[in-house]
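Tertiary structure, described
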Amino acid sequence: MKWIGLIAVIFTGGLLLSAMDDFPNWGDAHSPANSSPVSQYYIEQTMTDSGVPNMVTAVLADYRGYDTMFETVVVLIAGIAIMAILRVAKQVPGGAKPTPAHEVGDQHDIIIGTTCRLLIPVLQLFALYVIAHGHHSPGGGFQGGVILGASFILAAIAKGLDPALQRLPEKRYVKLAFVGVVIYVSFGVACLILGENFLDYGVLHELLPTMSAEEARSHSMLGVEIGVAFTVSMIMFAIYANLASKGELEGGL
Amino acid sequence: MAEQYPILVLLVLLFGALLVGLSGMADRRVCFPLTVTALGLAVAVSIGILQRVMDGGVIRYFVGGWSRPVGIGIELRIDTINALVLLTVTTVGLLTAIFSFRRVRDDKTEKTPLFYVLYLLLIMGLSGMVITGDAFNLYVLLEVSSLTSYALIAMGKSKRAATAAFSYIIMGTIGASFYLLGVGYLYLRTGTLNMMEIHQAILALDGPSSTIVVAFVLIIVGLMIKMAFFPLFGWLPNAYSYCPSSTSCVVAPLMTKVGVYVMVRMMLTVFGTEWVFSNLQYTQWLVGMAVVAILAGSVMALAQVELKKMFCYLIVAEVGYMVGGAWMANHWGMVGTIYHIMGDAFMTLCMFLAAGIFLKQAGVVRIDQLDGMFRKMPWTMAGFVVGALAMIGIPPTCGFFSKLYLIRGGMESGHWFYVGALLISSLVNAVLFFRIFEIAYFGKNPAEGHAAHHEEPSVQPVIKEAHPSSLIPLYLTAAIILLLGLFNGQIVELIEHSLNGVQVIGTEILVEKGGQG
């Protein structure tokens, strides 16, 4: 069987390499991707369309925001799928609860506890910065959401899963994960209601008279990034909590 | 409002899923009505889309209004082919949702809302794949539909569901990665992701480009894994037979069929049939492989003792029909393929609905357990017979007409092996289904039937006829199978309308190929 796998890999690799001589040169300014009207448009028009200096965010959240909406849905599905497969119903109260093999007791290591107490607020503030600054500098909802989720996971690792789940119970993180997608979609639907195509943020300036169409685009990007961050951070924590406790949401690692 | 239909069909499903997720946690009872309402609205909007396409031609919808240089935003592009497949997807979704009513009532776990969220998102992903006009957006929605289907299959109660889902994940991910690599290669050479723009860029290329050829191979191989084309079908039988009935009823009819649709779309719109059939000398091999797929699927179906497994191998054979029809470079072959996407979706749905009812009411897993079903469950068997006759290809049903078009295409383009395989496969189907009828009508061993009856009449548990919520979707499916057959002329006219619109499969190519062969 290993030989069949090797042959398949060599064949696929050969197929991928066989087109190499037809590729445009590395960094060629006249390659099809660089000279197409699409990339030209992004480079020339992003500033005038939305005033967003980070072109990548503009492509991601505005020009191709439809893809990003579904990517957010994909993240949501990943969390829902893990819950659907792993989650087991709560044990009956009378039933004997298996004691964990390594009982550590309530007092956790003071060094770890203190470090995390100092680190988590910084992490969360940094996460908010990354989310809020996505359209000006590298960052955005996915990255900031992951950092935010990581801060919850750190709390769960340091203090145990149960205290973390008291702060952020299952009902709440599932709800917030859905709310993230709702935020994203409602920006699109608001555009529909105002009579333009889905996710055409420009029209949202009618809601706030002081805002220009460009500002509306820029602010809407921030809005959808916040939605993305909600979903990503909550799903990060949901996946950790379910995997760490085999779906029982008790005890944990 | 009408011009927003393309996005609305996805939005009602997405909002349905979000609402089920948010409110279903509090009260499980709202899940079912919300799901059925969302799917009902989606079907209504799909009908509206079909109406609009018939009246006004191709719909082009630019998400976010980014239309000035085409390709900066994402375009949804609907012609009559998409509209028909979209209607098929949403209708199958609605019928299976009605069928799943029993599941909610009997399910004691708290996973019902999660099931319906995944279910609605699966239908949304498939609908999105069907209507999109952007090669990368198609990948994103492929991810949505694949992930949801993995989870739905893994939710099965039997232990083998998890392992089946795992091998499906591995194969499905490889398939999706191949597709994505192919899109990357296309972008490298054309600089755009919009399907029509890619087509224009390929037409404008001077001379043959090996990048495009490799992209084409990667995309088609990736899709063939997704649609379970013959050598790459290993994941399908276990995944589709060990999952919950309401999952198999939606996954089995739709996943492979949408895969075939995407392949057809790639051939027609992205690469263009002139490029596909004139620059590639090896398309004949694909028809040959389709012949092997049809024969292998039929033979393996004959060897099965489990009902659902048998249907799964029939799906493998049916995919062979469609791939062969699409690659024979003939107008009627292509028409037959697209018609068969719809017909086969409903035929498979009918088979799996009946299998789900048999499993639920009588615990039937193996074919020989269907003993005496005509007497015990006459209403269910009536619906099953319609689907079975369609699978065999008896005239008033859609199965007959799709085979007719495919055979006509095979004869015109001189693919006699394909025609032969199709006829053999129909005979095998006849043997398979008449064997089932015989068992269900006369019992396993007709000669000994009387003796067994006298000895132990009370040992057998009483088998009740199915619940109306299971019978209604079964009958609607049977009715659609008959209607598709009766109105085949109009449907083919619609399909041809789009085929002419994008300049496909000119007869000159046919003549050229015929001359070579």
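Scanning chain A from N- to C-terminus turns up 10 helices and 0 strands. Order of helices (α) and strands (β) in chain A, N terminus to C terminus: α-α-α-α-α-α-α-α-α-α. Relative to the compact-globule value of 18 Å for 253 residues, chain A shows a C-alpha radius of gyration of 23 Å, a clear excess of over 25%. Projected onto the principal axes, the alpha-carbon positions of chain A cover approximately 70 × 65 × 35 Å. The buried share of chain A, reckoned over its 253 residues, is 44%. Of all intrachain contacts in chain A linking residues separated by at least 6 positions in sequence, the fraction that spans at least 24 positions is 66%. Total accessible area computed for chain A in this model is approximately 13400 Å², and 68% of it derives from carbon and sulfur atoms. Once the 13 positive and 21 negative side-chain charges of chain A are each reduced to a mean point, those two points are 18 Å apart.

Bringing the environment of Phe178(B) into the picture now. By the secondary structure assignment, Phe178(B) is in helix H7 (residues 159-190). By relative accessible area, Phe178(B) is classed as buried at 17%. Residues Phe178(B) and Val217(B), spaced 39 residues apart in sequence, show a C-alpha to C-alpha distance of 9.0 Å. For Phe178(B), the residues in contact, after removing those within four places along its chain, are Thr12(A), Leu218(B), Ile219(B), Val221(B) and Gly222(B).

This part is about empty space enclosed by the protein. Residues and elements named next belong to chain B. Enumeration according to the criterion identifies 4 cavities of 30 Å³ or more in this entry. Volume-wise, the largest cavity comes out at about 70 Å³. Forming the walls of the largest cavity are Leu 126, Met 129, Leu 142, Ser 145, Tyr 168, Lys 226, Met 255, Val 258 and Gly 259. The biggest single contributor to the lining of the largest cavity is helix H11 (residues 245-270), with 3 residues. Across the lining of the largest cavity, the residue classes break down as 6 nonpolar, 2 polar and 1 charged.

This part is about the domain arrangement of chain B. Accessible area lost upon the coming together of the parts is a frequently used measure of interface size. Residue and element names in this part refer to chain B. Taken as a whole, chain B is organised into domain 1 (1-133), domain 2 (136-280) and domain 3 (281-453 + 463-517). Counting residues at the interface gives 36 residues for domain 2 and 41 residues for domain 3. With both sides pooled, the region where domain 2 packs onto domain 3 buries about 3300 Å², and carbon together with sulfur makes up 78% of that total. Counting the surface domain 2 buries against domain 3, the share from its top three residues, Phe 229, Lys 257 and Phe 277, is 21%. At the junction of domain 2 and domain 3, the tally comes to 1 salt bridge. Where Asp 344 meets Lys 257, a salt bridge forms, and the shortest distance between an N and an O atom there is 2.9 Å. Where domain 2 packs against domain 3, one counts 2 residue pairs in polar contact (both at pLDDT 80 or more). Among the elements of the structure, helix H9 (210-226), helix H10 (236-241), H11 and helix H12 (273-279) are those that each provide at least two residues to the side of domain 2 that touches domain 3. For the side of domain 2 that touches domain 3, the residue count by class is 26 nonpolar, 8 polar and 2 charged.

What follows concerns the pattern of salt bridges. This structure, assessed with the given rule, holds 12 salt bridges over all chains. Residue Asp27(B) pairs with Arg29(B) through a salt bridge whose shortest N-O separation is 3.2 Å. The exposure class of Arg29(B) is exposed, given its relative accessible area of 67%. Among the charged side chains, a network of salt bridges with common partners joins Asp62(A), Asp200(A) and Arg217(A).

Here we take up the interface of chain A and chain B. Tallying the contact residues gives 50 residues for chain A and 60 residues for chain B. Counting the surface lost from both chain A and chain B, the interface buries some 4800 Å², and carbon and sulfur atoms represent 73% of this. At the junction of chain A and chain B, the tally comes to 2 salt bridges. For Arg64(A), the salt bridge goes to Asp134(B), with nearest N and O atoms at 2.7 Å. For the interface between chain A and chain B, the tally reads 17 residue pairs in polar contact (both at pLDDT 80 or more). Looking at the side of chain A that touches chain B, the elements that each hand over two or more residues are helix H1 (2-18), helix H2 (32-35), helix H3 (37-50), helix H4 (55-63), helix H5 (65-86) and helix H9 (170-193) of chain A. Of all the elements, H5(A) adds the most residues to the side of chain A that touches chain B, at 14 residues. Looking at side-chain class alone, the side of chain A that touches chain B contains 33 nonpolar, 4 polar and 13 charged residues.

Turning to the packing of aromatic side chains, a few remarks are in order. All names here are of chain B. Applying the stated criterion across every chain yields a total of 35 aromatic pairs over all chains. Judged by centre distance (4.4 Å) and plane angle (10 degrees), the ring pair of Tyr 168 and Trp 235 falls under stacked. In this pair, Tyr 168 is assigned in helix H7 and Trp 235 in the loop between H9 and H10, connecting sequence segments 67 residues apart. No difference in accessibility class separates Tyr 168 from Trp 235, as the two residues are buried. Chaining the aromatic ring pairs together yields one cluster made of Phe 311, Phe 352, Phe 358, Phe 374, Phe 384, Phe 433, Phe 434, Phe 437, Tyr 441 and Phe 442.

This brings us to the environment of Leu152(B). Residues and elements named next belong to chain B. Locating Leu 152 in the fold gives a position in helix H6 (residues 135-154). Placed 91 residues apart in sequence, Leu 152 and Cys 243 show a C-alpha to C-alpha distance of 7.5 Å. Dropping the residues within four chain positions of it, Leu 152 is found in contact with Phe 115, Leu 118, Tyr 119, Leu 122, Pro 244 and Thr 247.

Quick notes on the rules
Residues numbered from 1 in each chain as written. Chains lettered and ligands numbered in written order. Predicted model: local features only at pLDDT ≥ 70, side-chain atom pairs only at ≥ 80, totals over all residues. Heavy atoms only, no water. Helix = DSSP H or I, 4+ residues; strand = E, 2+ residues; numbered from the N terminus. Rg over C-alpha atoms; globule rule 2.2 N^0.38 Å. Buried < 20%, exposed > 50% of the residue type's maximum accessible area, 1.4 Å probe, protein only. Contact = heavy atoms within 4.5 Å. Areas by Shrake-Rupley, 256 points an atom, 1.4 Å probe, with all protein chains shown as cover. Lys, Arg positive; Asp, Glu negative; His and termini not counted. Charge placed at Lys NZ, Arg CZ, Asp CG, Glu CD. 1 Å grid on protein atoms, 1.4 Å probe; cavity = no way out; pocket = protein on both sides within 12 Å on 5 of 7 lines; lining within 4 Å. Points joined across faces, edges and corners; volume = space filled by probe spheres on them. Nonpolar A, V, L, I, M, F, W, Y, C, P; charged D, E, K, R; others polar. Domains from an automatic or database assignment. Buried area = accessible area lost by both parts, 1.4 Å probe. Salt bridge = Lys/Arg side-chain N within 4 Å of Asp/Glu carboxyl O. Polar contact = N/O pair within 3.5 Å; in protein donor to acceptor, adjacent residues only side chain to side chain. Phe/Tyr/Trp six-rings, centres within 6.5 Å; stacked < 30°, edge-to-face > 60°.

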